[in-house]
Amino acid sequence: MTKFKDMQYTRPDFAAYMTKFKGYLQELKNAQDKETFFKALLAIDALSRNLSTLYTLVSIRNSINTKDTFYEAEMDVMDENMPQFSEIGSTMAQICLDSPFRKDLAERFGAHLLEKYEIRAKIFKPEIVEDMIEENKLVTEYEKLLASAEIEFQGKTYNLSGMMPFMQNTDRSIRKAASDASWGWMASQQDKLDELFDKLVKVRCRIAKKLGFANFIELAYARMTRTDWDYKAARVYRKQIADSVVPLAQKLYKEQAARLGIKDMKNYDYSLNFLSGNPKPVGEEAELVAQAKIMYEELSPQTGEFFNLMINQELMDLTTKPGKRGGGYMTFLPDYKVPFIFSNFNGTSGDVDVLTHEAGHAFQGYTNRDPELSDTADYTMEVAEIHSMSMEFFTHPWMQRFFDKDTEKYYYSHVVDALQFLPYGASIDELQEWFYLNPDATPEQRRAAYREIEKKYLPHLDYDGNEYLEKGGRWQKQAHVYAMPFYYLDYTLAQVCAFQYFIWDMKNHEEAWKSYMHICKRAGQIPFTALLKECGLDNPFEDGCIAKITPKLEQYLDSLDKSQIH
Ligand code: ZN
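So, how was this worked out
Residues numbered from 1 in each chain as written. Predicted model: local features only at pLDDT ≥ 70, side-chain atom pairs only at ≥ 80, totals over all residues. Heavy atoms only, no water. Helix = DSSP H or I, 4+ residues; strand = E, 2+ residues; numbered from the N terminus. Buried < 20%, exposed > 50% of the residue type's maximum accessible area, 1.4 Å probe, protein only. Contact = heavy atoms within 4.5 Å. Polar contact = N/O pair within 3.5 Å; in protein donor to acceptor, adjacent residues only side chain to side chain. Donors = N, O, S within 2.8 Å, 3.2 Å for Na, K, Ca; no water. Pairing = 2+ DSSP bridges. Axes fitted to C-alpha atoms, helices over the stretch in contact; angles between N-to-C directions. Salt bridge = Lys/Arg side-chain N within 4 Å of Asp/Glu carboxyl O. Expected span 1.5 Å × (residues − 1). Disulfide = S-S within 2.5 Å. Phe/Tyr/Trp six-rings, centres within 6.5 Å; stacked < 30°, edge-to-face > 60°. Lys NZ or Arg CZ within 6 Å of the ring centre and 35° of its normal. Parallel < 35°, antiparallel > 145°, perpendicular 65-115°, else oblique. Left-handed = near helix turned anticlockwise from the far one by under 90°. Nonpolar A, V, L, I, M, F, W, Y, C, P; charged D, E, K, R; others polar.

Draft legend 1. Inspection of the environment of aspartate 370 at higher detail. With respect to the helices, strands and loops of the structure, aspartate 370 is situated in the loop between helix 15 (350-367) and helix 16 (381-394). Look at aspartate 370 and you get partly exposed, because its relative accessible area is 45%. For the pair aspartate 370 and tyrosine 336, spaced 34 residues apart in sequence, the C-alpha to C-alpha distance is 9.6 Å. If we ignore the near neighbours within four places in the chain, the residues touching aspartate 370 are Arg49 and Lys337. One polar contact links aspartate 370 to arginine 49, side chain to side chain, over a distance of 3.4 Å.

Draft legend 2. Region of the structure containing the coordination of the zinc ion. All of the protein donors around the zinc ion are His357 (NE2), His361 (NE2), Glu385 (OE) and Glu385 (OE); their distances to the metal are 2.1 to 2.5 Å. Sequence spacing of the donors to the zinc ion: H-x3-H-x23-E. Here glutamate 385 lies in helix 16 and histidine 361 lies in helix 15, a separation of 24 residues in the sequence. We note that histidine 361, like glutamate 385, is buried.

Draft legend 3. How the structure looks around the sheet that holds strand 4 (residues 329-333). Taken in spatial order, the 3 strands line up as 3-5-4 in an open sheet, and their pairing is mixed. Of all the strands in the sheet, the pair left with one neighbour each is strand 3 (316-319) and strand 4. For this sheet the average axis-to-axis angle between neighbouring strands, irrespective of direction, equals 15 degrees. Of the pairings in the sheet, the one linking strand 4 to strand 5 (residues 338-345) comprises 5 bridges and is antiparallel in character.

Draft legend 4. Representation of the pattern of salt bridges. Counted by the stated rule, this structure contains 45 salt bridges. A salt bridge links aspartate 370 to arginine 49; the shortest N-O distance between them is 3.4 Å. Within this pair, whereas aspartate 370 is found in the loop between helix 15 and helix 16, its partner arginine 49 is found in helix 2 (residues 34-64), the two being separated by 321 residues in sequence. A salt bridge links arginine 223 to glutamate 135; the shortest N-O distance between them is 2.9 Å. Placement of arginine 223 in helix 11 (residues 216-223) and of glutamate 135 in helix 7 (residues 129-147) is noted, with a sequence separation of 88 residues between them. A relative accessible area of 30% places arginine 223 in the partly exposed class.

Draft legend 5. Expanded view of unusual backbone geometry. Within the chain, glutamine 154 stands out as a residue other than glycine whose phi angle is a positive 50 degrees. By secondary structure assignment, the location of glutamine 154 is in the loop between strand 1 (151-153) and strand 2 (156-158). The class of glutamine 154 is exposed, set by a relative accessible area of 54%. Positive phi values are uncommon outside glycine, yet phenylalanine 486 reaches one of about 70 degrees. Summarising the element assignment, phenylalanine 486 is placed in the loop between helix 21 (479-483) and helix 22 (489-507).

Draft legend 6. Quick look at helix 10 (residues 190-210). In this model, helix 10 (21 residues) spans 30 Å end to end at C-alpha, consistent with the 30 Å of a helix rising 1.5 Å per residue. Just downstream of helix 10, glycine 212 is the residue with a positive phi angle, here 85 degrees.

Draft legend 7. Structural view of the state of the cysteines. Counting across every chain of the model gives 0 disulfides. Lacking any disulfide linkage, cysteine 497 is separated from the closest cysteine sulfur, that of cysteine 545, by 7.1 Å.

Draft legend 8. Spatial organisation of the packing of aromatic side chains. Under the criterion given, the structure shown has 51 aromatic pairs. Here phenylalanine 306 and phenylalanine 363 contribute two aromatic rings whose centre-to-centre distance is 5.5 Å and whose plane-to-plane angle is 65 degrees, an arrangement assigned as edge-to-face. Here phenylalanine 306, found in helix 14 (residues 301-312), pairs with phenylalanine 363, found in helix 15; they are 57 residues apart in sequence, far enough to count as distant. Pair check on accessibility: phenylalanine 306 and phenylalanine 363 agree, each one buried. Cluster of aromatic residues (ring-pair linked, three or more members): Tyr296, Phe306, Phe307, Phe363, Tyr366, Phe394, Tyr501, Trp504, Trp513 and Tyr516. Here the basic side chain of arginine 108 rests over the ring of phenylalanine 38, its NZ or CZ set 4.5 Å away from the ring centre.

Draft legend 9. Structural view of helix 23 (residues 509-522). Its 14 residues place the ends of helix 23 20 Å apart at the C-alpha level, agreeing with the 20 Å of an ideal helix rising 1.5 Å per residue. Buried residues along helix 23 sit in contact with helix 13 (285-299), helix 14, helix 15, helix 16, helix 22 and helix 24 (528-534). At the exit of helix 23 stands glycine 524, carrying a positive phi of roughly 95 degrees.

Draft legend 10. Here's a closer look at the packing of helix 2 against helix 3 (residues 69-81). Interaxial distance between helix 2 and helix 3 falls to 9 Å at its minimum, and their mutual angle equals 135 degrees. If you check the angle between helix 2 and helix 3, you find them oblique. Crossing of helix 2 over helix 3 shows left-handed handedness. Residue-level inspection shows Leu54, Tyr55, Val58, Ser59, Arg61 and Asn62 of helix 2 in contact with helix 3, the latter providing Tyr71, Glu72, Glu74, Met75, Met78 and Asp79.

Draft legend 11. Region of the structure containing the packing of helix 16 against helix 23. Two numbers describe how helix 16 lies on helix 23: the axes approach to 11 Å, and their chain directions differ by 155 degrees. In terms of axis orientation, helix 16 runs roughly antiparallel to helix 23. Our pair here, helix 16 against helix 23, has a crossing hand that is left-handed. When helix 16 is examined against helix 23, the residues Ile386, His387, Ser390, Met391 and Phe394 are found in contact with a partner set consisting of His509, Ala512, Trp513, Tyr516, Ile519 and Cys520. Among the residues making up the contact of helix 16 with helix 23, the classes are represented as 8 nonpolar, 3 polar and no charged.

Following this line, the structure appears as structure tokens:
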């Protein structure tokens, strides 16, 4: 029951770790019997968990207080020394695949582990190291460029996220001016953004070729350990979004226009949802955590145990303060078998999202806290987000405690935002497929391709003559396209699964919760689609899945008290 503040950190002796890793790898390779083989394998795993615990301690403490010079220096040491260990994983995978005990490994830990090792071995060769460094550099350059934005607005200078509040202003002329200023900055960087992306496409295609993949799409899917679906399956899935979600989303945009009293909605009007403001939680950290404690105790014995542990061991750092890094995340400390939640509470509904979404991730980590071999519990991102996004819905019955008079508004915007996100997510995925199937396209052709795709998924958008957007520039602000190719669809897939839990939970809570517990425990042991089957969820890649969901969500929205939503 160690509290976070009492968890001891001393700088690891990296050379000694490396010597130990190499010794165990030798033992693994030379093992004459399966006992020796498994012993070496588990020793490598224990050592990596240990190193990862130390790394995570440093990174959490550094993000909580960036002014703490001790952890700042330790973070630098970690960043310098950790990359040398990344090769241990692929060497270990290759030894396992070539081993006479390969079959025993599959018997003990499941066949999916070998599929993961095969992929791990396939996506790396020493010949691509230079290209990978270049790819990372280009991504960093993109991130730096966007972070460097200085936008003059109403006599002050803002970065891109600093412009957000103006984009949601109830005064239309301020929204328009803010949107023009923001996109104007993007337009002024167009050449640089094009150049960076062009180089990224080239280097990614080169890496794929060197590794023997037919194109970069296949490599990108392998990098994300997607063993059971490909981009052809993604097409069937996206078509369902176009057919079933787009019409409903359009209807909801019309509701928004009526609510705001605007007849000719422009792109800059859509970020304002309610004239009375977005749903706001009541109270600060202490009140919200106290409510969450009651909520999780009532939801199930397991969630109660989990949340009390988070409180008692002080495993959450929630409120924003000077020197604290921005954003929020959930991470895991393997040696202590506990999760940690980091966030920046600021009085918006995002605070409650931390207590449902990040806590959903953390709850999954807690239920699966001690796998015999870490690699078996390693899951793909579409699975990870099911844990968190579904928890947002399982906790719906308690939202009155957080939102009081804004509760109906919260319910409405939670479901509507999630629904309207799907077409945008699909547009970003379809665009990336086009990029890598047409690697020689010019920047103008890329933009034109996006504008066409956008018209299919987001037909309501009227850019009011903004040239950069009219010509298809919007995707350049979506960092995932530059930094994490093909990742974006995972959010939408998980959302579709979370919707299924939402509908199931309203019908039969007991059954839905049992299935959710199972999806938390089994994550990583079998592929995504097999996991869905085992948990009684419909497979989003099978035609008809989404058409079953949308009418139920529409029914739910109709059941809300509209007099509270304005
Ligand atoms: Zn998440």
